[in-house]
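This is what each chain is made of:
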Amino acid sequence: MLLLTAELLLYFQRCNRRAFLDVFGDQDQRDPPSDYLLKLIQDSGTHRKRVLSQWNWQQPDYPKDDWESGFQATVRLMQEGVECIHRGVLLAQETPDVLLLSQPDLLIRQPGQSRWGDWIYIPAEIKLGKRPKLEYQFMAAFDVHVLADIQEEWAETAYLLLREKGTYEVDLWKTVPPMQTLLKECIATLAAPDAPEVFIARNRCNLCSWYSQCYTIAQSTEHLSLLPGVTASRYPHLKAKGLTTVAALATTPPDVLETFPGFNADIAHKLVFQARSSLENRALVRSDVEFQLAQDLPTAEVELYFDIEAEPELNLAYLHGILVVDRRTGAETFHPLLAKQPENEPEVWQQFLDLVWRYPTAPIYHFCPYELQTIERLAYTYGLSESLLRSLRSRFVDLHERVTRAVVLPVESYALKPIVRWMGFEWRDPNGSGAQAICWYDQWLETGDRSYLELILRYNEDDCRAMRHLKDWLVEFLTDPSESGSTVEMTHPEPCPY
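Residues numbered from 1 in each chain as written. Predicted model: local features only at pLDDT ≥ 70, side-chain atom pairs only at ≥ 80, totals over all residues. Heavy atoms only, no water.

A.B. asks: Looking at this structure, how should I read the overall build of the protein chain?
C.D. replies: On a plain count of helices and strands, the protein chain comes out with 20 helices and 15 strands. For the protein chain, the spread of C-alpha atoms along the three principal axes comes to 85 × 60 × 40 Å. Out of the 498 residues belonging to the protein chain, those deemed buried represent 52%. Across the protein chain, contacts joining residues at least 24 apart in sequence account for 67% of those joining residues at least 6 apart. In the structure as shown, the protein chain presents an accessible area of about 23500 Å², 50% of it carried by carbon and sulfur atoms. (Helix = DSSP H or I, 4+ residues; strand = E, 2+ residues; numbered from the N terminus. Buried < 20%, exposed > 50% of the residue type's maximum accessible area, 1.4 Å probe, protein only. Contact = heavy atoms within 4.5 Å. Areas by Shrake-Rupley, 256 points an atom, 1.4 Å probe, with all protein chains shown as cover.)

A.B. asks: Explain the sheet that holds strand S5 (residues 106-114) to me, please; I cannot follow it from the model alone.
C.D. replies: Hydrogen bonds between backbone groups are what pair the strands of a sheet, and the pairing can be parallel or antiparallel. In spatial order, the strands read S2-S5-S6-S7-S8; together these five strands make up an open sheet with mixed pairing. Because the sheet does not close on itself, it has two edges, and the strands there are strand S2 (84-86) and strand S8 (166-170). Strand-to-strand twist in this sheet, taken as the mean axis angle between neighbours without regard to direction, amounts to 35°. Here S5 pairs with strand S6 (residues 117-126) via seven bridges, running antiparallel. (Pairing = 2+ DSSP bridges. Axes fitted to C-alpha atoms, helices over the stretch in contact; angles between N-to-C directions.)

A.B. asks: Got a minute to help me understand the packing of helix H14 (residues 345-358) against helix H15 (residues 370-382) in this structure?
C.D. replies: Relative orientation and spacing of two packed helices are given, respectively, by the angle between their axes and the distance between those axes. Viewed as axis vectors pointing N to C, H14 and H15 meet at an angle of 115°, and their least axial separation amounts to 11 Å. Between H14 and H15, the crossing angle belongs to the class labelled roughly perpendicular. For H14 against H15, the interelement crossing comes out left-handed. Here H14 contributes Glu345, Pro346, Trp349 and Phe352 to the contact with H15, which in turn contributes Ile375, Arg377, Leu378, Ala379 and Tyr382. A per-class count over the contact of H14 with H15 returns seven nonpolar, no polar and two charged. (Parallel < 35°, antiparallel > 145°, perpendicular 65-115°, else oblique. Left-handed = near helix turned anticlockwise from the far one by under 90°. Nonpolar A, V, L, I, M, F, W, Y, C, P; charged D, E, K, R; others polar.)

A.B. asks: I would appreciate a short explanation of the environment of Leu238 in the present structure.
C.D. replies: Along the chain, Leu238 falls in helix H9 (residues 235-240). Here the alpha-carbon distance between Leu238 and Leu224, two residues 14 residues apart in the chain, equals 9.4 Å. Leave out the neighbours within four places in its chain, and Leu238 touches Leu224, Val230, Leu243, Leu249, Leu257, Phe260 and Phe263.

Any functional reading would require information beyond the geometric quantities listed.
Structure (structure tokens):
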């Protein structure tokens with residue numbers, strides 16, 4: 001008997017292979033949870049406790065994992081008309097081989113008609129997210145689907161209790177039918193003899209415990225999902241035409257791809273040249289842009305390379321890392337402007353302004369829009385005249401936008417790390433990341449252990465030096481793109497991976 005939960009349906013929405021492996025995979029092959037995932041779990045638990053403190057709830061008492069006993073205990077509470085039930089156990093037979101298990105965070109009594117009398121229960125899911133994501137709404141719709149079988153009446157609504165937006169009412173007329181379709185697809189996938197095909201999608205895979213296993217398979221088979229631009233929606237059309245290898249895609253005329261659903265001339269050219277770059281392991285120039293972009297990336301006497309570390313839970317930009325490169329003297333100085341405590345953010349902001357005004361004509365290189373967006377937020381928060389902000393904004397140069405507009409690289413992603421690692425740069429801490437830095441900063445606040453700050457500063461400095469490496473490489477390559485191969489006309493750069 002397959003036990004299908006709301007959490008399993010959630011993971012199926014994100015990746016059908018993950019759901020299959022969660023049920024049938026070798027659990028010893030799972031990756032250990034990252035520090036960042038553990039932090040999210042802890043933050044979610046804190047949010048849940050905060051929300052639950054506002055409710056007068058009861059919880060069914062039953063032996064751990066004895067779902068039938070939990071179900072009976074929950075039904076007794078519902079029969080009694082308990083005002084609010086926390087983590088009740090709801091069971092419903094979907095098919096002879098599939099039992100649905102729902103454990104909503106809350107079951108809330110409301111006026112209505114059910115098998116027990118003039119009251120009815122509606123479910124509420126407590127979620128750490130700030131937005132009512134569709135996948136969360138589907139979990140609530142799943143709760144309603146199972147609950148209807150038990151109380152013999154459909155709940156008219158369901159709630160998401162979100163971190164910032166508070167209570168969100170789910171539109172069940174819109175969410176229940178597609179959730180039921182998804183449920184059937186999930187059951188069919190779990191009934192199949194083999195796991196679904198590997199597909200690597202960075203935004204969905206980075207916190208998955210099966211990532212290493214799937215990535216190893218993708219690498220060994222040179223799966224097209226490792227190629228930037230091959231999305232989950234585009235891959236089926238490529239596969240249907242037999243284009244399942246990098247070599248096949250690299251030799252396909254772009255105008256052939258233009259006829260595929262969801263493709264256009266820009267996407268077709270981009271994918272073909274991305275495949276050629278990866279196949280030949282070399283950079284290609286995108287159109288005749290090298291001269292224009294070389295002018296956009298002048299080698300100034302003084303250049304600033306800027307990277308922010310932030311703690312999103314605290315809405316805090318706690319570190320402004322700036323590498324000052326003086327090409328006149330060859331001096332390089334890294335300035336870590338650090339808020340050791342959240343209340344120090346204003347003074348760090350002022351230190352940033354003092355430093356950048358010290359070099360009033362120096363370009364400020366960064367990677368992706370986040371740094372500029374944060375500077376604009378801080379300017380409005382702590383006060384900066386519109387003229388000074390306009391002057392500051394004009395000095396910012398987004399290296400991600402420049403590199404993706406200028407060249408095609410044989411990388412799996414146009415994030416900073418894959419790009420500069422292909423160019424020969426390495427971080428001193430190979431496991432460092434923006435997510436890990438968030439964890440280090442929280443650990444610093446909790447323990448006062450300065451070693452966590454040192455890890456952050458080293459990682460941030462390496463980020464700044466990586467940008468300097470990228471900028472120098474790009475200027476040199478565009479000045480003399482020897483053996484660059486064919487070019488491609490593209491109007492839209494790769495979206496920022498952050």
